[in-house]
Structure formats: C-alpha cells, structure tokens
Amino acid sequence: MKIVFATGNPGKVREAAEILGEGFELVTPAELGITEEIPETGNTLRANSMQKADYIYKKTGLNCFADDSGLEVDILGGAPGVETARYAGPEHNADANIDKLLSEMARREKEAAMARTNGITTARATRSARFRTSVTLIINGQHHFFDGVMEGSIAPARAGKGGFGYDPVFIPQGYDKTNAQLGEKEKNAISHRGKALRAMAEFLKK
C-alpha cells in the first residue's frame, strides 16, 4: 500500500518504515513537491496530527497519515507536552530543546530541595516522564485515530548516539539506558509511536 506520511522528519520516516514493514510504501510530502512547513497550531496532540493529515489530504487527495508526539515530564507539570518540538523555540532544534529541558528540571529540583530544607512539605522531585503519540489516518476521506504511550524517566545527561529528538535523555521504563542507546528495532518494539503505528497497520491489513 502506498501512503503519504505527513512529515519532513527523516528520522520519523525511517522509524515508521521499520515499524510498518513490508506491504507499505511511504511517500513524503517533499516527494510530492510539498516543501512548505505543514501547520500544527492545535492545543492537543490529536488536533495537531489531524491538522497535518488534513493539510496533505486536501493538497493531494491521497491516503495519508500524520503523527504528533509529545513528552510529558512530571516535575514540569506535564511540559513540554504539545510544545515538545518547539520547546526552546520555533527552530525545532533538538539539542536546544534538551538543554532547556535539563535546565528547567534542575531548577525545579533545586526549588523542591530548598522548600524541604525550609520545612515546607512538598512532593519529592521526580524524573518520571512519558512520550505520547497521536496518529491520524485518512483513508478515502475518513479519519481514524491511533494512540500510543511509553512510560519512563529523564536521564540527568545525554547518553547514546541513536534515535532523534529527546531520545538521548529518555530512559524507557524497565531499562537502564536511553532510547538513543537502544537498537532501532528494540526501541520501535516499545515506543509510543511504534504502538500507535502497529495499531494503524493492523487496522489497514483488516
């Protein structure tokens, strides 16, 4: 099946191709001459993924899908959330995003420690976090939605050279290494995006 993946991120395309496997041919917007940035101005992951899929479908009339993923860090009250890719600014700079994330977490941890020192009862700082993905699939004009979650925690510093985005600082639950230290197949087997895309693939095969 040929299907358009509404993304300009080569890491996502590679990951999706690995997850979906044989039987799916992914086409990117750039291959169709769509080189402008696809809008994503929604307030939720689903709203953004639907906006991106709708944009491509209206432009091409082709079956397509889009995803939007967010990182939720408990000590940051669920941030960066829907702003995950733009956390440090509109440039989508992964290194700057990680730098800001680690800096904000260190600040919150220091505040929590000082509050306890001053006798103020506060919840102990936690590095727990999760990735969420929302996928919107448009087949023959009909919308279908698939979601995935990966629980874990944030490492104190970068580790590993693989993956993309926040992978160098995200440790999946039950592991002692970051996503960037896992092999691609191992990561895809447990990832938020992997769960959502496998559900989408099962739906399409039926």
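Refer to the structure printed above.
As the structure is a prediction and not an experimental result, all values here were calculated from the model. (Residues numbered from 1 in each chain as written. Predicted model: local features only at pLDDT ≥ 70, side-chain atom pairs only at ≥ 80, totals over all residues. Heavy atoms only, no water.)

(A) Here's a closer look at the environment of Met-200. Looking at the secondary structure, you find Met-200 in helix 5 (residues 192-205). Judged by relative accessible area, Met-200 falls into the buried class, the value being 0%. Along the backbone, Met-200 and Gly-8 are 192 residues apart, and their C-alpha atoms lie at a distance of 20 Å. Setting aside residues up to four positions removed in sequence, Met-200 forms contacts with Leu-20, Phe-65, Val-135, Leu-137 and Phe-146. (Helix = DSSP H or I, 4+ residues; strand = E, 2+ residues; numbered from the N terminus. Buried < 20%, exposed > 50% of the residue type's maximum accessible area, 1.4 Å probe, protein only. Contact = heavy atoms within 4.5 Å.)

(B) Just the packing of aromatic side chains, in detail. Within this structure, the stated rule accounts for three aromatic pairs. Note on Phe-131 and Phe-170: the rings are 4.6 Å apart at their centroids and 50 degrees apart in plane angle, and the pair reads as tilted. In this pair, Phe-131 is assigned in strand 5 (residues 128-139) and Phe-170 in strand 7 (residues 170-172), connecting sequence segments 39 residues apart. Residue classification places Phe-131 among the buried positions, given a relative accessible area of 6%. For the pair Phe-146 and Phe-203, a centre-to-centre distance of 5.7 Å together with 55 degrees between the ring planes defines the contact as tilted. In this pair, Phe-146 sits in strand 6 (residues 142-154) while Phe-203 sits in helix 5, placing the two residues 57 residues apart along the sequence. Judged by relative accessible area, Phe-146 falls into the buried class, the value being 10%. Cation over ring: Lys-100 sits above Tyr-87, and NZ or CZ is 4.5 Å from the ring centre. (Phe/Tyr/Trp six-rings, centres within 6.5 Å; stacked < 30°, edge-to-face > 60°. Lys NZ or Arg CZ within 6 Å of the ring centre and 35° of its normal.)

(C) Quick peek at helix 3 (residues 94-117). Between its first and last C-alpha atoms helix 3 spans 35 Å; for 24 residues at 1.5 Å apiece the expected length is 34 Å, and the two agree. Taken together, the buried positions of helix 3 are Asn-97, Ile-98, Leu-101, Leu-102, Met-105, Ala-112 and Ala-115. Those residues of helix 3 that are buried lie in contact with strand 3 (64-73), strand 4 (80-81) and strand 6. Between a side-chain oxygen at the N-terminus of helix 3 and the backbone nitrogen of Asp-95 the separation is 3.1 Å; the capping residue is Asn-93. (Expected span 1.5 Å × (residues − 1). Polar contact = N/O pair within 3.5 Å; in protein donor to acceptor, adjacent residues only side chain to side chain.)

(D) Examining unusual backbone geometry more closely. Going from Ala-79 to Pro-80, the amide bond is cis rather than trans, its omega being 0 degrees. The topology assignment puts Pro-80 in strand 4. Positive phi values are uncommon outside glycine, yet His-92 reaches one of about 60 degrees. Along the chain, His-92 falls in the loop between strand 4 and helix 3. A positive phi angle is found at Asn-140, which is not glycine, with a value near 50 degrees. Relative to the assigned elements, Asn-140 resides in the loop between strand 5 and strand 6.

(E) Structural view of the pairing of strand 1 (residues 2-5). The sheet contact formed by strand 1 and strand 2 (residues 25-27) spans three bridges and is parallel. For Val-4, the partnering residue across the bridge sits in strand 2 and is Val-27. The parallel pair strand 1 and strand 2, bridged by helix 1 (residues 10-20), forms a crossover whose chirality is right-handed. Bridge count between strand 1 and strand 3: two bridges; the pairing is parallel. (Pairing = 2+ DSSP bridges. Right-handed = clockwise from strand over helix to strand, strands pointing away.)

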